[in-house]
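Results of the structural survey
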Amino acid sequence: MLDEIDRRMVAELQRDGRLSGRALAERLTISRANAYARLARLVDDGVVTGFTAQVDPEKVGLHTSAYVTLTVRQNSWRELREQLRAIPEVRHMALVGSDFDVLLLVRTTGNDALRSVVLERLQALPAVVSTRTILIFEDEQL
């Protein structure tokens, strides 16, 4: 169970995952030892699952982004999830309740690469019944 300090710590880390223990303690007005202990517990309990850098896709050569929806065969999610993890262009996946079953965020170097991912990789998976691609013209990390 998270208390108010834990929630504030998580919010601070979501704003800036590079905060030092000292800076985190100062912002939360707790001791450094308490900050380090709380952070360790949040990591151990799986509340904080990692620390990553947010990268501008355009600046690393990923000029085309799309949401791709998948309709899949029943009872295929576990196996399909592992196959999707093996496709590096798939940056996020979610099993959803909708007219489709899976929502993917796909980032590629260009339209030809996106076409290849969708037509040659995703549609070739046995569990995939159909796909639909929604091009992203502009997006922003919040």
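Residues numbered from 1 in each chain as written. Predicted model: local features only at pLDDT ≥ 70, side-chain atom pairs only at ≥ 80, totals over all residues. Heavy atoms only, no water.

Regarding the pattern of salt bridges
Scanning the entire structure with this criterion turns up 10 salt bridges. Taking the shortest distance from any N to any O, the salt bridge between Glu26 and Arg22 comes out at 3.4 Å. Of the two residues, Glu26 and Arg22 are both situated in helix α2 (residues 21–28); the distance of 4 residues between them amounts to about one turn of the helix. Neither residue differs from the other here; Glu26 and Arg22 are each classed as exposed. Between Arg107 and Asp139 there is a salt bridge; the shortest N-O distance is 2.7 Å. Taken as a pair, Arg107 in strand β3 (residues 102–108) and Asp139 in the segment after β4 (128–136) lie far apart in primary sequence, 32 residues in all. (Salt bridge = Lys/Arg side-chain N within 4 Å of Asp/Glu carboxyl O. Helix = DSSP H or I, 4+ residues; strand = E, 2+ residues; numbered from the N terminus. Buried < 20%, exposed > 50% of the residue type's maximum accessible area, 1.4 Å probe, protein only.)

Looking at unusual backbone geometry
Among all residues save glycine, negative phi is the norm, and among peptide bonds the norm is trans. Its identity as a non-glycine residue notwithstanding, Thr29 has a phi of 50°, on the positive side. Phi at Asn75 is positive, roughly 60°, even though this residue is not glycine. By the element assignment, Asn75 lies in the loop between β1 (64–72) and α4 (77–85).

Overview of the environment of Arg121
Its place among the elements puts Arg121 in helix α5 (residues 111–122). For the pair Arg121 and Leu80, spaced 41 residues apart in sequence, the C-alpha to C-alpha distance is 12 Å. Residue contacts for Arg121: discarding those within four places in its chain leaves Ala86, Ile87, Pro88, Glu89 and Ser116. (Contact = heavy atoms within 4.5 Å.)

Side note on the packing of helix α1 (residues 4–15) against α2
Taken N-terminus to C-terminus, the directions of α1 and α2 make an angle of 125°; their axes are 10 Å apart at the nearest point. Viewed along their axes, α1 and α2 adopt a mutual orientation that is oblique. Pair α1 / α2 crosses with right-handed handedness. Here Ile5, Arg8, Met9, Glu12 and Leu13 of α1 come into contact with α2, specifically with Leu24, Arg27 and Leu28. (Axes fitted to C-alpha atoms, helices over the stretch in contact; angles between N-to-C directions. Parallel < 35°, antiparallel > 145°, perpendicular 65-115°, else oblique. Left-handed = near helix turned anticlockwise from the far one by under 90°.)

Quick look at the UniProt feature "domain: HTH asnC-type" (unreviewed entry) in the chain
Here the UniProt feature "domain: HTH asnC-type" (unreviewed entry) sits at residues 2–63. With 53% helix and 0% strand, residues 2–63 has end C-alpha atoms that lie 39 Å from one another. (UniProt positions renumbered as here; feature names shortened; annotations may be inferred.)

Re the sheet that holds β3
Pairing within the open sheet is antiparallel, and its 4 strands lie in the order β2-β3-β1-β4. What marks the edges here is a single partner per strand, and that holds for β2 (90–95) and β4. Neighbour-to-neighbour, the strand axes of the sheet open up by a mean angle of 20°, direction not taken into account. Bridge count between β1 and β3: 7 bridges; the pairing is antiparallel. For Val68, the partnering residue across the bridge sits in β3 and is Leu104. In the packing of α4 onto the sheet, contacts are made with β1, β2, β3 and β4, and the angle to β2 comes to roughly 170°. Contacts between α5 and the sheet are confined to β1, β3 and β4, with β3 contributing the most and set at about 140° to the helix. (Pairing = 2+ DSSP bridges.)

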